[in-house]
Amino acid sequence: MLNDNSALSISLEASRCPDATIHMRRVIKWFMDQKQTTLRLESIEPSLVRSLPAYLQIEQLPLHVEQVEPRKITDEDKAQWEEKYDEDDFGDVEVKNTFILKKIDDFLNN
């Protein structure tokens, strides 16, 4: 589904609020200016489950969002984050959420 030229993939890694929300907003604004029609956004921040759809609605952005089944955070994930983040940032979180955002024109044509 996301292996074509119309998709981008961004991970917010172990960013937590408020940084995760700030990064999410910046990524979405950037994505709106790109030619790609699909964005895969990953985050461990639980509040994005409600704040991402709310942000799209408030800003009236022409995007359709789906949440993929959350997956457990692995030891490999934690190893990648150890040098950039304090373990307190990700130590209490168990899942990584993935959101698929599609520009409405592309979503309606599929």
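Here the structure is a predicted model, which is why all the values come from computation and not from measurement.

## A look at the side chain of lysine 96
1) Next: Positionally, lysine 96 belongs in strand E4 (residues 95–103).
2) Next: At a separation of 3.5 Å, a polar atom in the side chain of lysine 96 contacts the side chain of aspartate 77.
3) Next: Once you skip the residues sitting within four places of it in the chain, lysine 96 turns out to touch Glu42, Ser43, Ile44, Pro70, Arg71, Ile73, Asp77 and Trp81.

## Describing the sheet that holds E4
1) Next: Within the open sheet, the four strands sit side by side as E1-E2-E4-E3. Their pairing is mixed. The two strands at the open ends of the sheet, each matched to only one other strand, are strand E1 (7–11) and strand E3 (63–72). Recorded for the sheet is a direction-independent mean angle of 15 degrees between the axes of neighbouring strands.
2) Next: On the sheet, helix H2 (residues 48–59) packs against strand E2 (38–43), E3 and E4 and is oriented at approximately 15 degrees with respect to E4.

## Observations concerning unusual backbone geometry
1) Next: With an omega of 10 degrees, the peptide bond running from cysteine 17 to proline 18 counts as cis.
2) Next: You will see that glutamate 13, though not glycine, has its phi angle at about 50 degrees, which is positive.
3) Next: Considering the arrangement of structural elements, one finds glutamate 13 in the loop between E1 and helix H1 (19–32).
4) Next: The phi angle at glutamine 60 is positive, at roughly 55 degrees, despite the residue not being glycine.
5) Next: For glutamine 60, the location among the structural elements is in the loop between H2 and E3.

## Brief notes about the nonpolar core
1) Next: By size, the foremost hydrophobic cluster in this structure holds 15 residues, and its most contacted members are Met24, Ile28, Leu41, Leu52, Leu56 and Leu101.
2) Next: Secondary structure elements with two or more residues in this core: H1, E2, H2 and E4.
3) Next: Once residues lying within four places of it in the same chain are set aside, the contact partners of isoleucine 28 are Leu52, Tyr55, Leu56, Leu61, Leu63 and Leu101.
4) Next: Ala14, Ile44, Ile73 and Trp81 belong to the second-largest nonpolar core, a separate cluster that totals seven residues.

Reading the values: rules and limits
Residues numbered from 1 in each chain as written. Predicted model: local features only at pLDDT ≥ 70, side-chain atom pairs only at ≥ 80, totals over all residues. Heavy atoms only, no water. Helix = DSSP H or I, 4+ residues; strand = E, 2+ residues; numbered from the N terminus. Polar contact = N/O pair within 3.5 Å; in protein donor to acceptor, adjacent residues only side chain to side chain. Contact = heavy atoms within 4.5 Å. Pairing = 2+ DSSP bridges. Axes fitted to C-alpha atoms, helices over the stretch in contact; angles between N-to-C directions. Core = buried A, V, L, I, M, F, W, Y, C linked by side-chain atoms within 4.5 Å. Buried < 20%, exposed > 50% of the residue type's maximum accessible area, 1.4 Å probe, protein only.

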